[in-house]
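Examination of the molecular architecture
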Amino acid sequence: MKELAALPCPPAARPVSVVLLLCVLGLGPLPAAALDSPLEVERVELSVRLDPPLQALYAQAHFLLRQHGLPGRDVIAFRVPAAVGPRLHVAAVWDDQGELPWRFDAEKAGPWALRVELRSPLRLGKRMVVVVNYELELGGAGLPEGAAVSEESALLLTTGWYPFPAGPNQRLPRELRLTARLPKQWQVEAPVKVKKLNDGTALASYELRLRPVEPGQLLLRARRPLPP
């Protein structure tokens, strides 16, 4: 079979769905975005527990994904920033049917990659949820830009501290929801309204929703109150 990129291009005026169909049938090349099998991240839900004494966070990142390109994909690569890679410890990855095989590819220069194998290809127009369960160490030098946790304060930005689907044209999600657990006496602030869910003996839970999502935007800041 001929390489798709070497085939003649169908007229640009044709609808995208027709162009994609022609490409699959070998009648024209896929556009650059379709060759990447573009994957839309419709929503991200982050469930995080901050641990100031250990300078760490424990998180589950839920991704609602939709496939827009052809052919369907059976592997999703999540980009991990270079500063995060050595500090990230993945425990498990799963979808709605159970755990998925994964591997963590370390690169000495540039981003790292978390590659997740799907149990069946994600076809054009279909959605799925993928959950990544991990721990992130945030002590010492060379900290990532998107997150910080210390005995006195904590900071989370919208990007830079969790794996995110890779792709040259990849966009941030339309909506991000954060549920965070942290010491109940700490003071919390965010760019949107924060809902306090409950109080435990030592921890309190908070929830916020951000829409739209901008890169490097403040997501949550918390501080230990000053002594009287």
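That block above? That's the structure.
This text gives an overview of the structure that appears in the document. All of these numbers come straight from a predicted model, not from anything done at the bench.

Now for the overall build of the protein chain. The helix and strand tally for the protein chain stands at two helices and 16 strands. Taking all 228 residues of the protein chain together, the buried fraction comes to 40%. In the protein chain, once contacts between residues fewer than 6 apart in sequence are set aside, the share between residues at least 24 apart is 68%. Accessible area of the protein chain: about 12200 Å², with a carbon and sulfur share of 53%.

Now for the sheet that holds strand β10 (residues 153-157). Within a sheet, adjacent strands bond to each other through the backbone by hydrogen bonds, running parallel or antiparallel. On the basis of which strands lie adjacent, the open sheet formed by four strands has the order β9-β10-β16-β13 and antiparallel pairing. Two strands bound the open sheet, and with one partner strand each, they are β9 (147-149) and β13 (187-189). The average angle at which neighbouring strand axes cross in this sheet is 10°, direction not considered. When β9 meets β10, the two strands line up antiparallel, connected through three bridges. Residue pairing across strands places Ala148 opposite Leu155, the latter belonging to β10.

Taken together, the seven bridges between strand β3 (residues 73-80) and strand β7 (residues 112-122) define a ladder with antiparallel strand orientation. Along β7, the bridge assignment pairs Ile76 with Val116. Pairing of β3 with strand β11 (residues 164-165), which is carried by two bridges, proceeds in the antiparallel orientation. Directly across from Arg79, in β11, lies its bridge partner Phe164.

This part takes up the side chain of Glu45. Topologically, Glu45 is positioned in strand β1 (residues 39-51). On the accessibility criterion, Glu45 (18% relative accessible area) is buried. Within polar-contact distance, the side chain of Glu45 engages the side chain of Arg43 at 3.0 Å. A polar atom in the side chain of Glu45 sits 3.0 Å from the side chain of Arg177. The contacts of Glu45, once residues within four sequence positions are left out, are Gln60, Ala61, His62 and Arg177.

Formed by 50 residues in total, the largest nonpolar core has its most connected members in Leu46, Leu57, Phe63, Tyr134, Trp161 and Leu178. Looking at this core element by element, the count peaks at six residues for β1. Ignoring sequence-local partners within four residues, the contact set of Leu178 consists of Leu46, Val48, Leu156, Tyr206, Glu207, Leu208, Leu219 and Leu220.

Our next topic: the environment of Gly69. Mapped onto the elements, Gly69 comes out in the loop between β2 (56-67) and β3. Spatially, the C-alpha atoms of Gly69 and Pro38 are 5.2 Å apart, while their sequence positions differ by 31 residues.

In space, the eight strands of this open sheet follow the order β5-β4-β8-β2-β1-β12-β15-β14, with mixed pairing throughout. Sheet topology places β5 (98-99) and β14 (195-199) at the edges, where each strand pairs with a single neighbour.

It is worth spelling out the packing of aromatic side chains at this point. The geometry of two aromatic rings is summed up by the distance between their centres and the angle between their planes. Evaluated as defined, the whole model comprises five aromatic pairs. Measuring from centroid to centroid gives 6.3 Å for Phe63 and Phe164, while their planes differ by 70°, and the two rings are edge-to-face. With Phe63 in strand β2 and Phe164 in strand β11, the pair connects residues that are 101 residues apart, well separated along the chain. Phe164 sits in the buried class, given a relative accessible area of 11%. For the pair Tyr162 and Phe164, a centre-to-centre distance of 6.4 Å together with 65° between the ring planes defines the contact as edge-to-face. By relative accessible area, Tyr162 is classed as buried at 4%. Clustering of aromatic rings is evident, with ring pairs tying together Phe63, Phe78, Trp161, Tyr162 and Phe164.

Calculation criteria
Residues numbered from 1 in each chain as written. Predicted model: local features only at pLDDT ≥ 70, side-chain atom pairs only at ≥ 80, totals over all residues. Heavy atoms only, no water. Helix = DSSP H or I, 4+ residues; strand = E, 2+ residues; numbered from the N terminus. Buried < 20%, exposed > 50% of the residue type's maximum accessible area, 1.4 Å probe, protein only. Contact = heavy atoms within 4.5 Å. Areas by Shrake-Rupley, 256 points an atom, 1.4 Å probe, with all protein chains shown as cover. Pairing = 2+ DSSP bridges. Axes fitted to C-alpha atoms, helices over the stretch in contact; angles between N-to-C directions. Polar contact = N/O pair within 3.5 Å; in protein donor to acceptor, adjacent residues only side chain to side chain. Core = buried A, V, L, I, M, F, W, Y, C linked by side-chain atoms within 4.5 Å. Phe/Tyr/Trp six-rings, centres within 6.5 Å; stacked < 30°, edge-to-face > 60°.

Everything listed here is a matter of geometry and, on its own, says nothing about what the molecule does.
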